[in-house]
Amino acid sequence: MRFMLLMMPGGYGEAAPGTMPDAAAVGEMMKYNEALGKAGVLLALDGLHPPSMGARVSFAGGKAAITDGPFSEAKEIIGGYWMIQVRSRDEALEWAARCPAGEHDTIEVRQVQEFSDFPPDVQSAAGSLPDLLARTGEHPTRE
Amino acid sequence: MNESVAGRAIDAVWRIESPRLIAGLTRLTRDVGVAEDLAQDALVAALEQWPESGVPANPGAWLMAIAKRRAIDRFRREELGERKRDEFGRVELARKEAEPGFDASLEDDIGDDLLRLVFIACHPILSRQARVALTLRLIGGLTTAEIARAYLASEATIAQRIVRAKRTLTEARVPFEMPQGADRSARLASVLEVLYLIFNEGYCATAGDDWMRPSLCEDALRMGRIVAELMPREAEVHGLVALLEIQASRTEARVGRNGEPILLPDQDRSRWNRVLIRRGFAALDRLERLGGTLGPYALQAAIAACHARAGTAEETDWVRIAALYDALLEVMPSPIVALNRAVAVGFGYGPAAGLEAVEELRFEKSLEGYYLLASVRGDLLARLGRGAEAAFEFRRAAAATANERERTLLLGRAKAAGDVDSATGRSTRS
């Protein structure tokens, strides 16, 4: 199962454009990332520039409208994510708990939807089922 | 802390920490069985204490401290009983234990210890079944019950298999060391084989009603990634990881709504997992930077990468795939590889050329009764318009497979091929 660990750093909503974490914090975080990698669970990760460099697209009245950041009213702002592959939700929570985060930070742990999680009607809407009896071509090598 | 919450957290900690814990303890005790017992003791202590105290800040260190204390108690008892004590360097442990900085040195070596544990779990002295079970248990951190579920075996069977494996290792006094020299490549090959066997059982289950058991694939991948981190200079480890990442990327596209298999050309490629494909390509890059000739896993990964690069089945570079199979036959001469090569030739150079390549394998003893041989022949014959012969081969293949889903698929193909008039190649039904 895959999970996203969504990092929401405290105060990131007001961070000035180009704000970067300090070297010490990055060093700690690298150790954590390394631990995830060595345990074979890390699939991907990225950090995001602060919302003051971003924008929001909203759809009030069915029309796209753009608002430049920062977003003063927003509390929980995503600063980055890890995508991990683990055996259980508890394992994902345990990994999140090991993050060297600051006391105002929050990590939201969310399971990634797999295609097979969708009910049949959603699967149908997502794509037509390929012809079951069509020709072959895949022959896994095994002995 | 709520008891069940603590219990679930403890399971998660065990899964994360147990391989390193058992590896470190094996170094102290020189016995995998004893090490696992001690780790279990520490787990029991955690189950007693954590619901009250909460999970400690560094759960791995906590478990290791308890386990070491138990180890020393155990050795003292054995010494009192005047049992063989110098044999496994246990006295040395007690001495080292007293030295300051002991924990720090343990932490530094834990990666090496984990790798030694991987080599022990996959030791050729054990049967393949035993290696698989022990590896899932010691390196994958799976419980006996989880392994039993994955292999549709009873818990007692798996437990006994693991106990016997550990006893075999103890009796043979298999050293806890990094294999060197000529031995190293054979031992590494065994490690990669075990991981591949685990992946394949998940990817294409040999028995049961489900075609795939994806969690076994994930377990194999996770362990493959761990081993690649431990041996970054071994190209074939990256080759295996690349192969597994790319094959795993197709998991969601390989099964239809009712659990039926969907073969590669018919898969909806938009469902292939791009993150895993990218990881597979990255692993291929890593091994190419290491240089040297491509080994069997690297070549298979390169073949898988050809499929991953093709936006549609029609865009597949089958000529390149056929050439890669030629190279694979050189380093891994096997009828199965030759059969796969015939499939690639059939797509790259046409069904007649493919059939010619298959004909060479018809009297291959080791392929006798192998369902894929019949299935491949059936496919090539069908594409040549020889429907009746094709249907015969598909039915033969259906009779030979042990997997229910695959049998249904093959019988369907037999019916479809039989409905095509062999003389005109046109469907006899509208």
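Just so you know, these numbers come straight off a predicted model, no measurement behind them.

Criteria and thresholds
Residues numbered from 1 in each chain as written. Chains lettered and ligands numbered in written order. Predicted model: local features only at pLDDT ≥ 70, side-chain atom pairs only at ≥ 80, totals over all residues. Core = buried A, V, L, I, M, F, W, Y, C linked by C-beta atoms within 7 Å. Buried ≥ 20, exposed ≤ 12 C-beta atoms within 10 Å, placed from the backbone. Helix = DSSP H or I, 4+ residues; strand = E, 2+ residues; numbered from the N terminus. Contact = placed C-beta atoms within 7 Å. Pairing = 2+ DSSP bridges. Domains from an automatic or database assignment. Axes fitted to C-alpha atoms, helices over the stretch in contact; angles between N-to-C directions. Parallel < 35°, antiparallel > 145°, perpendicular 65-115°, else oblique. Left-handed = near helix turned anticlockwise from the far one by under 90°. Nonpolar A, V, L, I, M, F, W, Y, C, P; charged D, E, K, R; others polar. Expected span 1.5 Å × (residues − 1). Arc of directions from axis to C-beta.

1. Some points on the nonpolar core
Right, so step 1: In this structure, I84 of chain A together with A67, L195 and A301 of chain B are the most contacted members of the largest nonpolar core, which totals 140 residues.
Right, so step 2: With 11 residues, the top contributor of residues to this core is helix 1 (residues 3–29) of chain B.
Right, so step 3: Here A67 of chain B is in contact with L21, L25, L38, A39, D41 and A42 of chain B, once residues within four sequence places are set aside.

2. What to know about the pairing of strand 4 (residues 65–68) of chain A
Along a regular strand, successive side chains alternate from one face of the sheet to the other.
Right, so step 1: In the sheet, strand 3 (residues 55–58) of chain A pairs with strand 4 of chain A via 4 bridges, with the strands oriented antiparallel. Looking at strand 4 of chain A, one finds that A55 of chain A is bridged to D68 of chain A.

3. Concerning the environment of F119 of chain B
Residues and elements named next belong to chain B.
Right, so step 1: On the secondary structure map, F119 appears in helix 5 (residues 102–121).
Right, so step 2: When the 21 C-beta atoms within 10 Å are taken as the criterion, F119 is described as buried.
Right, so step 3: Separated by 80 residues in the primary sequence, F119 and A39 have C-alpha atoms spaced 19 Å apart.

4. Regarding the domain arrangement of chain B
Right, so step 1: Assigned domains of chain B: these are domain 1 (232–316), domain 2 (323–368) and domain 3 (370–430).
Right, so step 2: The centre of domain 1 of chain B, based on its C-alpha atoms, is set 28 Å off from the matching centre of domain 3 of chain B.

5. Points about the packing of helix 10 (residues 214–230) of chain B against helix 11 (residues 235–248) of chain B
Helix-helix packing is described using two parameters, namely the angle between the two axes and the distance between the axes.
All names here are of chain B.
Right, so step 1: Where helix 10 meets helix 11, the closest approach of the two axes is 9 Å, and the angle between their N-to-C directions is 150 degrees. Of the possible angle classes, the one that applies to helix 10 and helix 11 is roughly antiparallel. Here the hand of the crossing between helix 10 and helix 11 comes out left-handed. In this structure, helix 10 contributes C217, A220, L221, G224, R225, V227 and A228 to the contact, and helix 11 contributes V237, H238, L240, V241, L244, E245 and A248.

6. Digging into the packing of helix 11 of chain B against helix 13 (residues 296–309) of chain B
Residues and elements named next belong to chain B.
Right, so step 1: The N-to-C vectors of helix 11 and helix 13 enclose an angle of 30 degrees; their axes lie 8 Å apart at closest approach. Relative to helix 13, the element helix 11 lies roughly parallel. Of the two elements, helix 11 crosses helix 13, and the hand of that crossing is left-handed. Residues A235, E236, G239, L240, A242, L243, I246 and Q247 of helix 11 pack against Y297, A298, Q300, A301, A304, A305 and A308 of helix 13.
Right, so step 2: Class assignment for the residues of the contact of helix 11 with helix 13 results in 11 nonpolar, 3 polar and 1 charged.

7. Comments concerning helix 1 (residues 23–38) of chain A
Right, so step 1: Compared with an ideal rise of 1.5 Å per residue, which puts 16 residues at 22 Å, helix 1 of chain A spans 22 Å between its outermost C-alpha atoms and is within 8% of the ideal.
Right, so step 2: Following helix 1 of chain A by one or two positions, G40 of chain A adopts a phi angle in the positive range, close to 75 degrees.

8. Looking at the environment of S88 of chain A
Residues and elements named next belong to chain A.
Right, so step 1: Tracing the backbone through its elements, the reader meets S88 in the loop between strand 5 (80–85) and helix 2 (89–97).
Right, so step 2: Looking at S88, the number of C-beta atoms within 10 Å reads 14, which means it is partly exposed.
Right, so step 3: Through-space distance from the C-alpha of S88 to that of G10 is 27 Å; in sequence the pair is 78 residues apart.

9. Side note on helix 12 (residues 274–290) of chain B
Right, so step 1: For helix 12 of chain B, built from 17 residues, the straight-helix expectation of 24 Å at 1.5 Å per residue is met to within 8% by its first-to-last C-alpha distance of 25 Å.
Right, so step 2: Those residues of helix 12 of chain B lying buried are L276, I277, R279, G280, A283, L284 and L287 of chain B. Buried residues along helix 12 of chain B cover an arc of 160 degrees about the axis, so they all sit on one side. For helix 12 of chain B, the exposed residues set more than 90 degrees away from the buried face come down to R274, D285 and R289 of chain B.
Right, so step 3: Lining the buried residues of helix 12 of chain B we find strand 2 (42–47) of chain A together with helix 11 and helix 13 of chain B.

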